Amino acid sequence: LKDGDLVSGEWWRVEENGQTLGYGWMDATWGDAEILLAVDPKTRERGVGSFILEQLEREAAGRGLNYMYNVIPEGHPDPDWLKRWLGSRGFELTRDGHMKRRVRPVPA
């Protein structure tokens, strides 16, 4: 791997001018990608989360994974907002409470 490459099961950081804006994480399990995103609330509405999601999807597609899914933890500060945000990006709520979407090819 090259410096800055996304590593399965590891956090990936987005910075701007030395300031951390958010993190993404992906772990491949049974042909699917479990993903997590964390974005500094002060950077909301700047596209940071969408950028992270795109990078995670690019990695998942490159690995030939089928679905991306996110488990919203019980203690999340705003689970309804996150469900809406993911839903607006094609994720659907599954019976087991995960938000899931088929991995789509991402242009280079």
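The structure we're discussing is the one just above.
Residues numbered from 1 in each chain as written. Predicted model: local features only at pLDDT ≥ 70, side-chain atom pairs only at ≥ 80, totals over all residues. Heavy atoms only, no water.

In this model, Trp-30 sits at a positive phi of 55°, which is unusual for a non-glycine residue. Inspection of the secondary structure assignment puts Trp-30 in the loop between strand S2 (19-29) and strand S3 (32-39). A positive phi angle, close to 70°, is found at Glu-45, a residue other than glycine. As for its position among the elements, Glu-45 is in the loop between S3 and helix H1 (48-62). (Helix = DSSP H or I, 4+ residues; strand = E, 2+ residues; numbered from the N terminus.)

The next subject is the packing of aromatic side chains. Under the criterion given, the structure shown has two aromatic pairs. Geometrically, the ring pair formed by Trp-12 and Phe-51 is stacked, given 5.9 Å between the ring centres and 25° between the ring planes. Of this pair, Trp-12 sits in strand S1 (residues 10-16) while Phe-51 sits in helix H1, placing them 39 residues apart in sequence. Judged by its relative accessible area of 40%, Phe-51 falls in the partly exposed class. With 6.3 Å between their ring centres and 20° between their planes, Trp-81 and Trp-85 make a pair best called stacked. Taken as a pair, Trp-81 and Trp-85 lie in helix H2 (residues 79-87) at a separation of four residues, close to a single helical turn. You can call Trp-81 partly exposed: its relative accessible area is 23%. Residue placement shows Arg-44 over the ring face of Trp-81; its charged tip is 3.8 Å from the ring centre. Geometry around Tyr-67 places Lys-100 over its ring, the cationic atom sitting 4.6 Å from the centre. (Phe/Tyr/Trp six-rings, centres within 6.5 Å; stacked < 30°, edge-to-face > 60°. Buried < 20%, exposed > 50% of the residue type's maximum accessible area, 1.4 Å probe, protein only. Lys NZ or Arg CZ within 6 Å of the ring centre and 35° of its normal.)

Let's shift gears to the pattern of salt bridges. If you walk through the whole model with that rule in mind, you get six salt bridges. Across the salt bridge formed by Lys-42 and Asp-40, the nearest N and O atoms sit 3.9 Å from each other. Classification of Lys-42 as exposed rests on a relative accessible area of 70%. Residue Glu-59 is joined to Arg-63 by a salt bridge in which the shortest nitrogen-to-oxygen separation is 2.6 Å. We classify Arg-63 as partly exposed; its relative accessible area is 34%. (Salt bridge = Lys/Arg side-chain N within 4 Å of Asp/Glu carboxyl O.)

Turning next to the nonpolar core. Grouped together as the largest cluster of nonpolar side chains are 20 residues, with contacts concentrated most on Met-26, Ala-33, Ile-35, Ala-60, Met-68 and Phe-91. Mapped onto this core, the elements with two or more residues apiece are S1, S2, S3, H1 and H2. At five residues, the largest contribution of residues to this core is made by H1. Beyond its immediate sequence surroundings of up to four residues, Met-68 is in contact with Ala-33, Ile-35, Leu-53, Leu-56, Glu-57, Ala-60, Phe-91, Met-99, Lys-100, Arg-101 and Val-103. (Core = buried A, V, L, I, M, F, W, Y, C linked by side-chain atoms within 4.5 Å. Contact = heavy atoms within 4.5 Å.)

Remark: a regular strand shows side chains that alternate across the two faces of the sheet. Across eight bridges, the pairing between S2 and S3 is antiparallel. Note on S3: the bridge partner recorded for Thr-29 is Asp-32. Hairpin remark: S2 followed by S3, antiparallel, with two residues in the connecting loop; positive phi at Trp-30, about 55°. Pairing between S3 and strand S4 (residues 67-71): two bridges, direction parallel. (Pairing = 2+ DSSP bridges.)

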